[in-house]
Amino acid sequence: MNGYQQQSLAGATGIDLVVALYDGVLRYLYRAVQCVEEDDVYGRRMAVKRVTDIFIYLQSTLRTDVCGKTTTSLADFYAAMFQLTLEASYYNSKETFEEVIQCVRDVRDAWAIAARDPEAQTVLPRDLRTREGQMVPAVVAQAQMVESGAQAGARWSA
């Protein structure tokens, strides 16, 4: 990570960090597509490992005891995207990777819209971003705010 990236993350809000995780997923999914086109098995596997690691992290920070319905929907989304990513890799399927990219992009865009909302910034304060156990309730509350927009563009269902 270069100095610019470190500096931008140092000043990021909690929601900005969630968006950055989605950006990472997208970057590695595009890398996996490129590896499929180039028949680079090792590169594809490394990109898929990074994608699945991020999905595991996002899933592990959810707390269903805080807001069951929204958290369960996000958990189902992460599980579905995890599974589709593994299937895309197993079948070496550019089309399946592109389907995952579209689904992730839809949810990422909803988070990006929430990141621009000043009221949303108070839901996930910056000081909570390094304490995972406390960060998740705020993420869930924020997800509720964007749920209506995310559901309209999402291609998955819980």
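Just above, that's the structure.
Since the structure is predicted, the reported quantities are computational estimates derived from the model, not experimental observations. (Residues numbered from 1 in each chain as written. Predicted model: local features only at pLDDT ≥ 70, side-chain atom pairs only at ≥ 80, totals over all residues. Heavy atoms only, no water.)

Engineer: Explain the packing of helix α2 (residues 14-38) against helix α3 (residues 41-60) to me, using residue names and the numbers behind them.
Structural biologist: Their axes nearest at 8 Å, the elements α2 and α3 cross at an angle of 155°. It follows from the interaxial angle that α2 and α3 lie roughly antiparallel. Two packed elements cross with a definite hand, and for α2 against α3 that hand is left-handed. Here L21, G24, V25, Y28, L29, R31, A32, C35 and V36 of α2 lie close against α3, whose contacting residues are G43, R44, A47, V48, R50, V51, I54, F55, Y57 and L58. Among the residues forming the contact of α2 with α3, the class breakdown is 14 nonpolar, two polar and three charged. (Axes fitted to C-alpha atoms, helices over the stretch in contact; angles between N-to-C directions. Helix = DSSP H or I, 4+ residues; strand = E, 2+ residues; numbered from the N terminus. Parallel < 35°, antiparallel > 145°, perpendicular 65-115°, else oblique. Left-handed = near helix turned anticlockwise from the far one by under 90°. Contact = heavy atoms within 4.5 Å. Nonpolar A, V, L, I, M, F, W, Y, C, P; charged D, E, K, R; others polar.)

Engineer: Describe the nonpolar core, with residues and values.
Structural biologist: Counting 33 residues, the largest nonpolar core has Y22, L29, F77, Y78, M81, F97 and V104 as its most contacted members. Considering every element that reaches this core, the biggest residue donor is α2, with eleven residues. (Core = buried A, V, L, I, M, F, W, Y, C linked by side-chain atoms within 4.5 Å. Buried < 20%, exposed > 50% of the residue type's maximum accessible area, 1.4 Å probe, protein only.)

Engineer: Now, about the pattern of salt bridges: what can you tell me, with residues and values included?
Structural biologist: Evaluation of the coordinates by the stated rule reveals five salt bridges. In this structure, K94 and E37 form a salt bridge, with 2.7 Å as the shortest nitrogen-oxygen distance. Of this pair, K94 sits in helix α5 (residues 94-115) while E37 sits in helix α2, placing them 57 residues apart in sequence. Residue R108 pairs with D109 through a salt bridge whose shortest N-O separation is 3.7 Å. Residue R108 is classed as buried on the basis of its relative accessible area, which comes to 19%. A single salt-bridge network, built from bridges that share partners, covers D23, R108 and D109. (Salt bridge = Lys/Arg side-chain N within 4 Å of Asp/Glu carboxyl O.)

Engineer: An account of the packing of aromatic side chains is requested, with residue identities and associated values reported.
Structural biologist: Within this structure, the stated rule accounts for four aromatic pairs. When the ring of Y22 is compared with that of Y78, the centres are 6.5 Å apart and the planes differ by 45°; the resulting orientation is tilted. With Y22 in helix α2 and Y78 in helix α4 (residues 68-90), this residue pair connects regions lying 56 residues apart in the sequence. Across this residue pair, the class does not change: Y22 and Y78 are buried. Taking the centre distance of 5.8 Å and the plane angle of 55° together, the rings of F77 and Y78 count as tilted. When sorted by exposure, F77 lands in the same class as Y78, which is buried. One aromatic cluster is present, formed by Y22, F55, F77 and Y78 through successive ring pairs. Between the NZ or CZ atom of R27 and the centre of the ring of Y28, over which it lies, the distance is 5.2 Å. (Phe/Tyr/Trp six-rings, centres within 6.5 Å; stacked < 30°, edge-to-face > 60°. Lys NZ or Arg CZ within 6 Å of the ring centre and 35° of its normal.)

On their own, these measurements won't tell you what the molecule is for.
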